[in-house]
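# Residue-level structural notes
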Amino acid sequence: MKAALFHAKEDLRIEDVPEPTPGPGQVKLRNAYAGICGSDLHVYYSPEAAGLDLDHPHPVTGSTLPQILGHEFSGTVVELGEGVTGVAVGDRVAVWPIYYCGECPACRRGMFNACQKIGFHGLSSDGGGMAEFTTVDATKLHVLPENVDLRMGALVEPMSVAWHAVSRSGVESGGTALIAGAGPIGIGVWFALRARGVERVLVSEPSAERRAIIAALGATVVDPVNEDLAAAVASLTDGEGVDVAFDAAGVGAAISSSLANLVPGGRVVVVAIHERTMDFLPTQLVMAETEIAGALAYLPEDFDAVIEAMSRGVYDTTGWVQETPLENVVDAIHALRGGAGAKILVHAG
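Residues numbered from 1 in each chain as written. Predicted model: local features only at pLDDT ≥ 70, side-chain atom pairs only at ≥ 80, totals over all residues. Heavy atoms only, no water.

### A look at the nonpolar core
Definition in use: Here the nonpolar core consists of buried residues drawn from Ala, Val, Leu, Ile, Met, Phe, Trp, Tyr and Cys, with membership extended through side-chain atoms lying within 4.5 Å. Any residue under 20% of the maximum accessible area for its type is buried, any over 50% is exposed, and the rest in between are partly exposed; the area is computed with a 1.4 Å probe on protein chains only. Helix and strand assignments come from DSSP, with helices taken as H or I runs of at least 4 residues and strands as E runs of at least 2, each series counted from the N terminus. The contact criterion used is simple: two residues touch if any of their non-hydrogen atoms lie within 4.5 Å.
In this structure, I36, L193, F246 and W320 are the most contacted members of the largest nonpolar core, which totals 85 residues. Sort the elements by how many residues they give to this core and helix α4 (residues 156-169) lands first, with 7 residues. In this structure, L193 is in contact with V166, V171, A177, I179, V198, V201 and F246, ignoring residues within four places of it in sequence. By size, the runner-up hydrophobic cluster in this structure holds 13 residues, among which are L202, V222, I255 and V270.

As structure tokens, then:
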């Protein structure tokens, strides 16, 4: 079968590899779509900075390079391993891709998404979604309802990142929010807020292309470079500041501007991965009793919530989701790194 195999920094090849066979408790999937994630870009251009150990087996999965990429993907069950129940051949599914140790302090608290040895199917496993087939534990499957297609199913993973971030914010229906960054996760945060009844949302994005994409979905946008962000927040909130803000941009200015525009007692949720440090004066938090929280990945219940919202028609892919064949994945990575587009789905099957 054809697969996108990552060998080393900036070395991703389309190769022929053997089809996998499901072991006990596993299923074999015919992959449909796999999204190119920001994490994939980090891995491709700077694997060590992305936390990918190129020299040692992963501590949970034992996987080593080369690795088939693709951790946000959907597929159809084509074969069951021994002992699998609760899922049938022909089921269309999204895959919760996290591997966790079950022993660290995070795991003992049920925070499997923050496992100290965390791995992902398609980043640190023996397979991934950027191939014609993969095998995965049946316990990781989330069956899609009839009105959620496989294309949408591949978006469950990134939309669950955003859903989990909104859960971490504590915002309630009728609240107000600021989103810094209108990439796929920022778009996902906007959808998740609306699904929870948060309608007064401002999206701050310097890219004209990305502002246009999310504005076309119905969002209120502001250019933080050439427009007055504070004035836009004041207009949205009657001068009070937002209840919550989300850093989906991964730059220090996003956090600084978010803190400056919070209501007293508000919270900033950092969901982006930062490559650089930033200057920060903690007294900012003291004076208005504001907070900064992190949000990493997702839990299985976040997948369930996103799929349910998708079945209600909350999510719309118009204008921000593109497709490309497996053979063009490297070109797509280069395009995304250059700032083009928002979400690209690799047609794997």
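### Focus on helix α11 (residues 329-337)
Since one α-helical turn is 3.6 residues long, residues separated by three or four positions face the same way. Spelled out, the test is: Note: the arc covers the axis-to-C-beta directions of the helix.
Turning to α11, its buried residues number three or more, namely V329, A332, I333 and L336. Down the axis of α11, the buried set is contained in an arc of 100 degrees. They therefore lie on one face. Where α11 is buried, its residues meet β1 (2-8), β2 (11-16), α1 (38-45), β17 (321-325) and β18 (343-347). Where α11 ends, the next residue or the one after it, G339, has phi of about 95 degrees, a positive value.

### A look at the pattern of salt bridges
Our working definition: Any Lys or Arg side-chain nitrogen found within 4 Å of a carboxyl oxygen on Asp or Glu counts as a salt bridge.
With the rule as written, the count across this model stands at 10 salt bridges. A salt bridge links R194 to E199, with the nearest nitrogen and oxygen atoms 3.3 Å apart. Taking the shortest distance from any N to any O, the salt bridge between R267 and E291 comes out at 2.6 Å. Within this pair, whereas R267 is found in strand β15 (residues 262-270), its partner E291 is found in strand β16 (residues 291-294), the two being separated by 24 residues in sequence. Relative accessible area serves as the criterion here: at 23%, R267 is assigned to the partly exposed category. Taken together, the shared-partner salt bridges in this structure form one network comprising D11, R13 and E15.

### Some remarks on the sheet that holds strand β4 (residues 67-68)
Stated precisely, the cut-off is as follows: The criterion for strand pairing is that DSSP finds at least two bridges linking the strands in question.
A sheet is described by the order of its strands in space; here 3 strands give the open sequence β2-β1-β4, paired in antiparallel fashion. A strand with exactly one partner marks an edge of an open sheet, and here the two such strands are β2 and β4. Sheet topology note: the β1/β4 ladder contains 2 bridges and is antiparallel. Pairing of F6 across the sheet is with Q67, part of β4.

Keep in mind that these numbers describe shape and distance, not what the molecule does.
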